[in-house]
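Residues per chain are reported as follows:
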Amino acid sequence: MFNDTIVAISTALGEGAISIIRLSGNDSIEIVSKLFKGKNLIEVNSHTINYGHIINPEENSIVDEVLVSVMRAPKTFTAEDVVEINCHGGIFVTNKILEILLTHGARLAEPGEFTKRAFLNGRIDLTQAESVMDLINAKTEESLNVALNGLDGKVSQLIKNLREEVLFVVANIEVNIDYPEYDDAIKMSNEILKPKIFEVISKIEKILEYAKTGKILREGIKIAIIGRPNVGKSSLLNILMREERAIVTEIAGTTRDIIEGYINIGGIPLKIVDTAGIRETNDIIEAIGVKRSIKALEEAELVLLVLNNNEKLTESDKNLLKISESKQRIIIINKSDLETKIEKELLKNYIETTMLDDKSVDVIEKKIKDIYNLGDIKTKDQAYISNSRHIAKLKLAKRSLEDAIESIELEVPIDMVEIDVKDAWMTLGEILGEEVGDALLNELFSKFCLGK
Amino acid sequence: MYDIIVIGGGHAGCEASLAPARMGLKTLLITSKISRIGHMPCNPSIGGPAKGIVVRELDALGGEMGRNTDKSHIQMRMLNTGKGPAVRALRAQADKVDYPKNMQETLLNQENLTVIEDMVDDLIVEDHQIKGVILENKERIESKAVILTAGTYMKSRVMISSETRISGPDNERPSLGLSDNLRRLGFITLRLKTGTPPRVAIETVDFSKTEPQPGDMECFAFSYDTTEYKPLENQVPCYLTYTNAETHKIIMDNLSKSSMYGAIEKIESRGPRYCPSIEDKIVRFSDKPRHQIFLEPESLHIPEIYVQGLSTSLPRDIQEKIIHTIPGLENCKIVRYAYAIEYDAIEPTQLWPTLESKLVFGLYFAGQVNGTSGYEEAAGQGIMAGINAALKIQKKEPLILHRDEAYIGVMIDDLVTKGTKEPYRLLTSRAEYRLFLRHDNADIRLREYGYKIGLIDEERYKKFNNKVNNIETEKQRLSQVKINPSKSTNEYLDSIESSQLKDGITALNLLKRPEITYHHIIRLLHEEVKLSKEEIEQIEIQVKYEGYLRKTTSQVEKMLKLEEKLIPLDIDYNKILNLAIEAKQKLTLIRPLTIGQAQRISGVNPPDISILLIYLESFYRRRKGVEIDERESACEFIPE
């Protein structure tokens, strides 16, 4: 409740160029340092801004390039250790970072909680106390809906079912403990428990898998098309946008005069970064084109790097290959209908296209689906979970169950294994907003005929 | 004039009167019958999961139940030995004759304690302060504090089928006036119900048709001070048998004759789910082909068997029919019939966590009268009420056990924070920090408190300190001694099916392996075992489960932070505008002492807690200069 580390996205979630994720609490520096590639944040001076990358330790991949402000207590807004992560705006990346923080020890801040802490820690004047309370009140009402909204009815049913499965296991163990002579409950042993836990884990994994899809379907994938001039970026864009399959909405960029467009291939919304740049680069000198590509690349989640089959790799190509290396990318060798001059042996994992036919689009679509594990998308009847807090909780529940499996393998007594299983049950309950209350006792006495 | 008067000589009353007397306060116990002190109206079993640990906790604090059970049992078993150390629990079959007799002897010989036979009819209360009690004959006895442990005796009504009778358990006299007078004082009461099964004559039971359930062939004791054990070979077994389809048919055919199923109109009371009658079991679990029936000998001195599992309020003739369908009991003779009993209890949220009532200063409640069931639960409350009444008179800080310290703490916190709708029974699942609340470490958790308040004498305390020192010293030593992968070491490890060492390892780390015991380590070090069994057990548990204990520690630390945030007693929740209405009502009713307690009240939600915290911060800042010693504020209970 206090002194634990809280996190929230403190900029409006949307299309700003930069998003700020703020943490406050004793462990905030340690949590971020574990997820940060760059300087060791534990050792940096207070009130410094540090360049680096946020990594996803589970996949060992880079999530985003960031600036991290480290501010140690007490001279911070909350008078606690505060870390602010400046990342590239965009819902996908920001939420991803939030989710990683939530699975690594931070808790999602309650409404008004930063301000509340500031007050409780003496940073805010007494006269402001009332307004802090109003803030909590207002935001609570607002978030009551938000909390539930994020959860699709089908998902909540899925999680409810999962939770019941876990509860049954827990209740059985509890009966064994509290009524050791009662003969009608399954005598739970680690051998019986193990497959049951695995089953639940695999169900959680499935929901998480869907979650990825759900997120992508809701928020789209930010795509950058990069490459030297004249390799076929424009044609690629055009073919992607051509005919009925492409729906383009054009919004005028405000500061940088960039036009962005959404296109939709195979049900996946793609948001093309810097479409204007792609078109313009035909006419401008190569250096500027590359520079522009770098910028687009920074913002994108997926990079389509276009190369020319008909030419040898140039320094610029190699440069682009290098800078896009850490990104999720698709290498497209275009103009495959012309003579091959490119050194394919230097490249891995590419697709070949000719921008003359629709088949190329199918190849790209398939590749994207492979990368994001989207398979056949049936938007209508699939249940998705998309809220970062929910995803983080699911992952935490999964981790507790994995801990339980580990304990089982170490032959730890079942009542200790149960500690982790119970944790998973409570974490799942938090997703649904259900309190622990008397649920376990009710289960015990409704499922088992106990007592003398 | 007495310091403390205890009303009732059941398991709560015994502990509630012994504790203050031992702390040097002039104490009076008023009981309806001295020969009934420490009596066991239900089955003579003490301990079991959670409850057994309560007995250990009582003993660690300086209570009597553990020692008395060690003196008075006919069988002991350690339960859950196949599971982890946190859930191991000792259970004894007490001797129904010896247990009360030994307890009476202890009470009657206790310095500072006077025991009289009488009935209390009313309380003397002046200006919200208890002044003493009024006996049946209108005689007044004055005291500074009163502890009410009336058990199931207030307005109790015994029921067999349609027949009801105003009576206490076992035909004892009930207390008729007391609960009316409590209501007059403003207390809210509950109507609760429980029951007991028939007893049968031992010589009429054919035990050959049942499965014997013998005691363990190892010496166990509840008390840390017990050094003499009863001979193991004198233990008496219990027996297991089952109901069957015929039993169930008779019950279903006669259901309407059960007091609880329509034979009596207007049953207002609630029975415990933990203690269902046989008719409840058969109605609610109709798919179960049979139910377990345990035959428990009640005493070596009386030839009676307690038929556990057959609580009922069916008429006597049906009880006969039912029992004769059960293997081993076909020809048995019922010596006492089963009955249900309903009684008045008080709503326990009217108490502070010290068990002092919020309505009347110096009036404490403990035991079944607070809506619990079970001897151990009663005794656990009894000792805490006794201790706190004494501490208050001594003008010392109260002793409130936290949820991470004792099952007793869990129970009292549950009662005063959440209240209860049915007789409350302790279960291990009620404890969040079960791993801490173990059978083995009750002394480590609580003996220090017992010593501080004066219930544990120097000698016992010294013994305890030696144990703690030995454990710490040995752990320290093991963390420094290295075991190297020598040929003989690895051969020995092979022989006990543990993997060989490749590098040197500290003895402590080797002990972390599940299959390695302390004795293995000592063997590897070519040493002699110098520590006691209990000390070795502690070391093994602390070392092997270190990771889990650490996890629990971090959860506990979070909880304790909230317990440290105290709420002043004169807070007016209605003045906190932003609180939800339900939260206002609940908080006003329960008046939690800490934010931690507030948070556990159902209906008080996280935003309410946030608002409360901010209000308190403003409140304290406004009162700047008036430093509130938070512990003390919990002491000065301000009556309404």
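Values in this document were obtained by computation on a predicted structure and should not be read as measured data.

A tally of helices and strands in chain B yields 21 helices and 22 strands. At 26 Å, chain B has a C-alpha radius of gyration in line with the 26 Å of a compact globule built from 640 residues. On the principal axes, the C-alpha backbone points of chain B span a range of 80 × 75 × 50 Å. Put simply, of all contacts in chain B between residues at least 6 apart along the chain, 74% involve residues at least 24 apart. Of the accessible surface of chain B, which amounts to about 25,000 Å², a share of 50% is contributed by carbon and sulfur atoms. If the 86 positive side-chain charges of chain B are averaged to one point and the 91 negative ones to another, these points end up 3 Å apart.

A separate point is the pattern of salt bridges. All names here are of chain B. Applying the stated criterion across every chain, the model contains 75 salt bridges over all chains. When the shortest N-O distance is used, the salt bridge between Glu57 and Arg445 registers 2.6 Å. Here the residue Glu57 occupies a position in helix α2 (residues 51-61), and Arg445 occupies one in helix α11 (residues 442-453), the gap between them amounting to 388 residues. Residue classification places Glu57 among the buried positions, given a relative accessible area of 0%. The class for Arg445 is buried, based on a relative accessible area of 13%. Between Glu582 and Lys586 there is a salt bridge, with its nearest N and O atoms 3.3 Å apart. Linking Glu582 with Lys586, this pair stays in helix α18 (residues 581-590), spanning 4 residues, or about one helical turn.

Our next topic: the sheet that holds strand β2 (residues 18-24) of chain A. Two modes of strand pairing occur in sheets, parallel and antiparallel, and in both the strands are linked by backbone hydrogen bonds. All names here are of chain A. Taking strand neighbours across the sheet as the criterion, the 7 strands line up as β3-β4-β5-β6-β2-β1-β7 in an open arrangement whose pairing is mixed. The open sheet has two edge strands with one neighbour each: β3 (36-38) and β7 (107-108). Pairing of strand β1 (residues 6-9) with β2 involves 4 bridges; the strand directions are antiparallel. The residue bridging Ile9 from the neighbouring strand is Ile21, located in β2. Contacting β1, β2 and β7, helix α3 (residues 113-120) runs over the sheet at an angle of about 135° to β1.

Glancing now at a nonpolar patch on the surface. On the surface, a nonpolar cluster with roughly 330 Å² of combined accessible area is contributed by Ile49(A), Tyr51(A) and Leu67(A). Looking at where Tyr51(A) falls in the secondary structure, it is placed in strand β4 (residues 48-56).

The next thing to look at is the packing of α2(B) against α11(B). Residues and elements named next belong to chain B. Where α2 contacts α11, the two axes come as close as 7 Å, and the packing angle between them is 35°. The two elements α2 and α11 cross, and the hand of that crossing is right-handed. Each of Ile53, Arg56, Glu57, Asp59, Ala60 and Leu61 in α2 lies in contact with α11, whose residues at this interface are Ala442, Asp443, Arg445, Leu446, Arg447, Tyr449 and Gly450. The class makeup of the residues in the contact of α2 with α11 is 6 nonpolar, 1 polar and 6 charged.

Turning next to the packing of aromatic side chains. All names here are of chain B. Per the counting criterion, the structure on display carries 7 aromatic pairs over all chains. Members of the aromatic cluster, joined through ring pairs, are Tyr451, Tyr461 and Phe464. The residue whose ring lies beneath Arg290 is Tyr242, and the NZ or CZ to ring-centre distance is 3.4 Å. Of note, Lys358 hangs over the ring of Trp352, and the distance from its end group to the ring centre comes to 5.3 Å.

This part covers the nonpolar core. In terms of nonpolar packing, the biggest core is built from 156 residues, with Val133(B), Met384(B) and Ile387(B) touching the most fellow members. The contacts of Val133(B), once residues within four sequence positions are left out, are Ile5(B), Ile7(B), Ile30(B), Val120(B), Asp122(B), Leu123(B), Ile124(B), Glu139(B), Arg140(B), Ile141(B) and Val146(B). Judged by nonpolar contacts, the second largest core, of 29 residues, contains Val132(A), Ala583(B), Leu587(B) and Ile601(B).

A few words now on the packing of helix α1 (residues 11-22) of chain B against helix α4 (residues 98-108) of chain B. Residue and element names in this part refer to chain B. Running from N to C, α1 and α4 cross one another at 25°; their axes reach a closest spacing of 11 Å. When the axes of α1 and α4 are compared, the pair comes out roughly parallel. For the crossing formed where α1 meets α4, the hand is left-handed. Counted together, His11, Cys14, Glu15, Ser17, Leu18 and Arg22 of α1 and Tyr99, Met103, Thr106 and Leu107 of α4 form the full contact between these two elements. Looking at the contact of α1 with α4 residue by residue, the class counts come to 5 nonpolar, 3 polar and 2 charged.

The subject of this paragraph is the side chain of Lys51(B). For Lys51(B), the location among the structural elements is in helix α2. Residue Lys51(B) is classed as buried on the basis of its relative accessible area of 10%.

Looking at helix α8 (residues 316-323) of chain B, one finds that the buried residues are Ile318(B), Gln319(B), Ile322(B) and Ile323(B). Down the axis of α8(B), the buried set is contained in an arc of 130°. They therefore lie on one face.

Moving on, we get to the sheet that holds strand β3 (residues 45-47) of chain B. Residues and elements named next belong to chain B. Across the sheet, which stays open at both edges, the 3 strands sit in the order β3-β5-β4 with antiparallel pairing between neighbours. Both outer strands of the open sheet, β3 and β4 (73-79), are each paired with one neighbouring strand and no more. Ignoring which end each strand starts from, the neighbouring axes of this sheet average 20° apart. One ladder, built from 3 bridges, connects β3 with strand β5 (residues 89-94); its direction is antiparallel. Bridging across to β5, Gly47 finds its partner in Arg91.

Contacts between the two partners involve 61 residues from chain B and, on the opposite side, 56 residues from chain A. Where chain B meets chain A, there are 6 salt bridges. Between Arg91(B) and Glu181(A) there is a salt bridge, with its nearest N and O atoms 2.7 Å apart. Put simply, the parts of the chain that give the side of chain B that touches chain A at least two residues each are β4, α7 (278-284), β16 (292-297), β17 (304-308), α17 (546-564) and α20 (606-622) of chain B. Ranked by residues supplied to the side of chain B that touches chain A, first place goes to α20(B) with 12 residues. For the side of chain B that touches chain A, the residue count by class is 26 nonpolar, 17 polar and 18 charged.

Attention now moves to the confidence of the model for chain B. All names here are of chain B. When the pLDDT values of chain B are averaged, the result is 93; 97% of them are 70 or greater. Note that residues 626-640 has pLDDT below 50 and, in this model, 33 contacts with residues that lie over four places away or in other chains. What the predictor reports for the complex is a pTM of 0.84 with an ipTM of 0.88.

Once that is clear, we can look at the pairing of strand β2 (residues 27-31) of chain B. Remark: a regular strand shows side chains that alternate across the two faces of the sheet. Residue and element names in this part refer to chain B. Most of β2 sits out of view: 5 of its 5 residues are buried. Residue alternation in β2 divides its side chains into two sets, Thr27, Leu29 and Thr31 and Leu28 and Ile30, and both sets are buried. Summarising the sheet, strand β1 (residues 2-7) and β2 pair through 4 bridges and their orientation is parallel. By the bridge assignment, Ile5 is partnered in β2 with Leu28. Across 5 bridges, β2 lies against strand β6 (residues 113-117) in parallel orientation.

Let us look at the environment of Ala8(A). Residues and elements named next belong to chain A. One can find Ala8 in strand β1. The class of Ala8 is buried, set by a relative accessible area of 18%. Put simply, Ala8 and Ile239 are 231 residues apart on the chain and 40 Å apart in space, counted from C-alpha to C-alpha. Ignoring anything within four residues of it in the chain, the contact list for Ala8 reads Ile20, Ile21, Arg22, Ala109 and Phe114.

Turning next to the pairing of strand β10 (residues 157-160) of chain B. Residue and element names in this part refer to chain B. What you see with β10 is no split at all: Arg157 and Met159 on one side and Val158 and Ile160 on the other are buried throughout. Taken together, β10 and the strand that follows it, strand β11 (residues 163-166), pair antiparallel across an intervening segment of 2 residues, in which Ser161 is found at a positive phi of about 50°. Of the strand pairs in this sheet, β10 and strand β19 (residues 339-346) are connected by 3 bridges, and their pairing is antiparallel. Its bridge partner being in β19, Met159 is matched across the sheet by Ala340.

With that settled, the discussion passes to helix α9 (residues 375-393) of chain B. Think of an α-helix as 3.6 residues a turn; residues three or four steps apart then line up on the same face. All names here are of chain B. With 19 residues, α9 should cover 27 Å at 1.5 Å per step; its first-to-last C-alpha distance of 27 Å lies within 8% of that length. Most of α9 is tucked away: 17 of the 19 residues are buried. Following α9 by one or two positions, Lys395 has its phi on the positive side, about 60°.

So, how was this worked out
- Residues numbered from 1 in each chain as written.
- Chains lettered and ligands numbered in written order.
- Predicted model: local features only at pLDDT ≥ 70, side-chain atom pairs only at ≥ 80, totals over all residues.
- Heavy atoms only, no water.
- Helix = DSSP H or I, 4+ residues; strand = E, 2+ residues; numbered from the N terminus.
- Rg over C-alpha atoms; globule rule 2.2 N^0.38 Å.
- Contact = heavy atoms within 4.5 Å.
- Areas by Shrake-Rupley, 256 points an atom, 1.4 Å probe, with all protein chains shown as cover.
- Lys, Arg positive; Asp, Glu negative; His and termini not counted.
- Charge placed at Lys NZ, Arg CZ, Asp CG, Glu CD.
- Salt bridge = Lys/Arg side-chain N within 4 Å of Asp/Glu carboxyl O.
- Buried < 20%, exposed > 50% of the residue type's maximum accessible area, 1.4 Å probe, protein only.
- Pairing = 2+ DSSP bridges.
- Axes fitted to C-alpha atoms, helices over the stretch in contact; angles between N-to-C directions.
- Patch = residues over 30% accessible without salt bridge, like charges linked within 9 Å, V, L, I, M, F, W, Y side chains within 5 Å.
- Left-handed = near helix turned anticlockwise from the far one by under 90°.
- Nonpolar A, V, L, I, M, F, W, Y, C, P; charged D, E, K, R; others polar.
- Phe/Tyr/Trp six-rings, centres within 6.5 Å; stacked < 30°, edge-to-face > 60°.
- Lys NZ or Arg CZ within 6 Å of the ring centre and 35° of its normal.
- Core = buried A, V, L, I, M, F, W, Y, C linked by side-chain atoms within 4.5 Å.
- Parallel < 35°, antiparallel > 145°, perpendicular 65-115°, else oblique.
- Arc of directions from axis to C-beta.
- pLDDT = per-residue confidence, 0-100.
- Expected span 1.5 Å × (residues − 1).

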